[in-house]
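Here's the letter readout for the chains.
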Amino acid sequence: MREKIPSEIIQLALSDASYEGCGVSITPTLINFFFGNNGTGKSTVARTIKAGAGVTWKEGKTATDYVVHVYNQEYINANFQNYYQLPGVFTVNAVNIAIQRQVDEKTAARKAAVEAGEKAHVELGKKLDARRQALDLFQRECWDKTADIRQAFDRTQERRKTKKTFAEAVLEIKTPAEHDLDALHRLYAAAYSDDARKYDEFATIADVSVLDALAGNGILAQKIVSSADTPFAQFIKAMNATTWVQQGHAQYHQSGDGKCPYCQQRLPDTFEDDIRACFDTQYQDAIDSLNRFFADYRNAANALVVPLQNIPEELLPGTDTTGYKDKLAAIKGVISANLQKITEKMAEPASVVELEAVAPILQELSDIIAGFNKLIRENNAVISQKPKKQAECKTAVWEHIAYVLSDVVSRYRASDAALEVEATAANDIIGEQAYLVSKLDAEIAELNKDYVNTRATIDSVNLLLRDSGFQGFSIREKEHTPHVYEVVRPNGSIAENLSEGERNFIAFLYFYHQVKGSESADGIQRDRIVVIDDPVSSMDSSALFIVSALVREMVEVCENNAIGGDPVAKSNHIKQIFILTHNAYFHREITYNRVRNYQYVNFYLISKVENRSTIKCCTKPNPDILTEDMNYNPVQNSYAALWEEYKVLNAPIPLMNVIRRILEYYFLQLCGYDGVTLRSRILTDNKDKFIKVDETGKEDYTLYQMAHAMLSYISANSVGLNDGINFVDDCVDVEQTKETFRMIFTLMEQKQHYDMMMGNQ
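Computed from a predicted model, the values in this text were never measured in an experiment. (Residues numbered from 1 in each chain as written. Predicted model: local features only at pLDDT ≥ 70, side-chain atom pairs only at ≥ 80, totals over all residues. Heavy atoms only, no water.)

(A) Structural view of the pattern of salt bridges. Using the criterion set out here, one finds 25 salt bridges in the structure. Arg411 is the partner of Glu141 in a salt bridge, and the nearest nitrogen-oxygen pair spans 3.2 Å. Taken together, the residues Glu141 in helix H3 (residues 97-145) and Arg411 in helix H14 (residues 406-448) connect sequence positions 270 residues apart. For Arg411, a relative accessible area of 45% puts it in the partly exposed group. Note that Glu559 and Arg594 form a salt bridge whose closest N and O atoms lie 2.6 Å from each other. Placement of the pair is Glu559 in helix H17 (residues 541-563) and Arg594 in the loop between helix H18 (584-591) and strand S10 (601-609), with a sequence separation of 35 residues. (Salt bridge = Lys/Arg side-chain N within 4 Å of Asp/Glu carboxyl O. Helix = DSSP H or I, 4+ residues; strand = E, 2+ residues; numbered from the N terminus. Buried < 20%, exposed > 50% of the residue type's maximum accessible area, 1.4 Å probe, protein only.)

What follows is the structure, given as structure tokens:
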């Protein structure tokens, strides 16, 4: 597929005047033709290029590498403030061979410096691209490898939620450090949660040995027996009923009403004294101590367990009390078992019991409580100092992120540092070469001052006017006034009142020689960018003819950059040209036969609707090569339009109709044939050219029949040929039809015209 050849300006974005907010952008090539009515936005295009706003130059180039020549109304006003004065046009004129030799040497040195700078600029671009790619990779790695952390600690990432800003923050961390993620999660939840609050602590155990070391527990290991020696005491001991009697007496002595609770007989009046006599004082003291110990143990157990059963109503999120409750239940079970053992001891004072230790399991519960309370205190401390804790959390999270990415950061820093050194070296070369170019420019300008000649330019303008047959005026240097010129009428008088067309014509001649020569006294030959905006306004036909010819010449100079050629014989100093006009005749004159130069010629149509301008690049699919596009000229006459229609038609009947109209217009109206002569030349004199013979000798009259059909309606009022052939239009083969059409032009010796209208190279 053919591609447009890029030139010096590779992109032009328009945003001023009627283009504001329209987003209009074009990709120009070497030669660019714009057509649009007055007021559609052509002048804005010219001013944009002149100002350099919205202009994208090709790689390694800037506006300082070119001289941008813009011909428009502003140019005319700036250079012709007085009609009788024309600013001097400076051109290099080698009148001093020695000076010219020095200029050539310095020019060559300048070119080498420019090329070295361009090479370094390309190298710099590569290094900068490599740095951008390395940075992009680094940003993606940082982003991808920390997805879980970023999600978990989202609120610590404020203003860092893009790959670019996140990676920048990572590079700012000076002290990467690994942190406990569970602790970070708790800190984050307390510091950043909108629902975070303070929580009550669990009741603590002051002394885990409070029950095991309870005073009086030694009584449990004593065998409590009586030493009394009364007959009744001896009887009770013999019956081994000491404990039974004591328990029964303790339970029923107040409710027996003087009777035995078992046999209901009246007890002797001395029964209470007898009972007391059965138990000695030491025995009774031991029983009392046992009873007190039971009460003390039970009270101490209640004092211990009751607070532990009061679990806080609202728990710190994440607190699992299953283990706590299990331990508490186990403690209550041990205490209950111990109380039962004491009760049994009280029933059998002579027995010896040993309580199960409560301290170990109390210690386990105490450890659980300490863990809960530690987290609760940490949470409550964060709530009390939320801004401070948020800062601590944010710092810790970023330190951990940097720690996770430490290898990635190290690789990136090493790569970027190496590329930065290389980019700096290339940039240093650019600066050195730019300084050298500037120095050589100054030296060349100083040399050129000695032989700049304006007279040669005036002679060239007058010669051009004379050779073109223009007789409206000539130009001469004003006597005793260097660089000021007078416009002289044919009768020798000074033209004091030039028409607008004459004024514009002189301005364009000056512009033409300025482009052809140099723009200032320094004489430095730089490449040109030429912009021509409506140059034929108010001009008469003779001036328009000359301007058209000069514009075509500039277009051909620019074309040499695309088609090559001898650089001495063919100048190529105009690197890119833009021509804008509303004059259809002028447009056709300068674009003649340029549609076919697809690769280095663009056609544009400028339109404006509701004060908004648009620019359309005039290309369309090539009907002959479906994979390629082709130019088309937005300004066409009716005859050229017929050819454009012919190129794209594939339907038989419309195709035959267009062919007949082309043949009649060209051969009858332009070439002067009549219908009879044309048909005779084609169908009689060249009949055998249309007849094909196959291997068996059979003749095929298909092409001849098509030619007959094409010519059958031309100049219908003239006498035609009638050979009995009938032809049905809608049965024709399109490809054979087009081949027959081409043969007609070839046989009539008009193939050059056919190729031109078809755009064949």
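(B) A look at the sheet that holds S10. With mixed pairing, six strands are arranged side by side in an open sheet as S5-S8-S9-S3-S10-S11. Across the chains shown, the open sheet's two edge strands, defined by having one partner strand only, are strand S5 (66-71) and strand S11 (612-617). Going from strand to strand, the sheet's axes swing by 15° on average, the running direction of each strand aside. Taken together, the six bridges between S10 and S11 define a ladder with antiparallel strand orientation. Each residue of the ladder has a partner; that of Lys608, found in S11, is Ser613. Sitting on the sheet, H18 touches strand S3 (31-35), strand S9 (574-581) and S10, and the angle it makes with S3 is about 160°. (Pairing = 2+ DSSP bridges. Axes fitted to C-alpha atoms, helices over the stretch in contact; angles between N-to-C directions. Contact = heavy atoms within 4.5 Å.)

(C) Fine view of the nonpolar core. One finds Ile31, Phe508, Ile532, Val551, Met554 and Ile577 to be the most contacted residues of the largest nonpolar core, which totals 40 residues. If you tally residues by element for this core, the top one is H17, at ten residues. Judged by nonpolar contacts, the second largest core, of 38 residues, contains Ile287, Ile335, Ile361 and Leu362. (Core = buried A, V, L, I, M, F, W, Y, C linked by side-chain atoms within 4.5 Å.)

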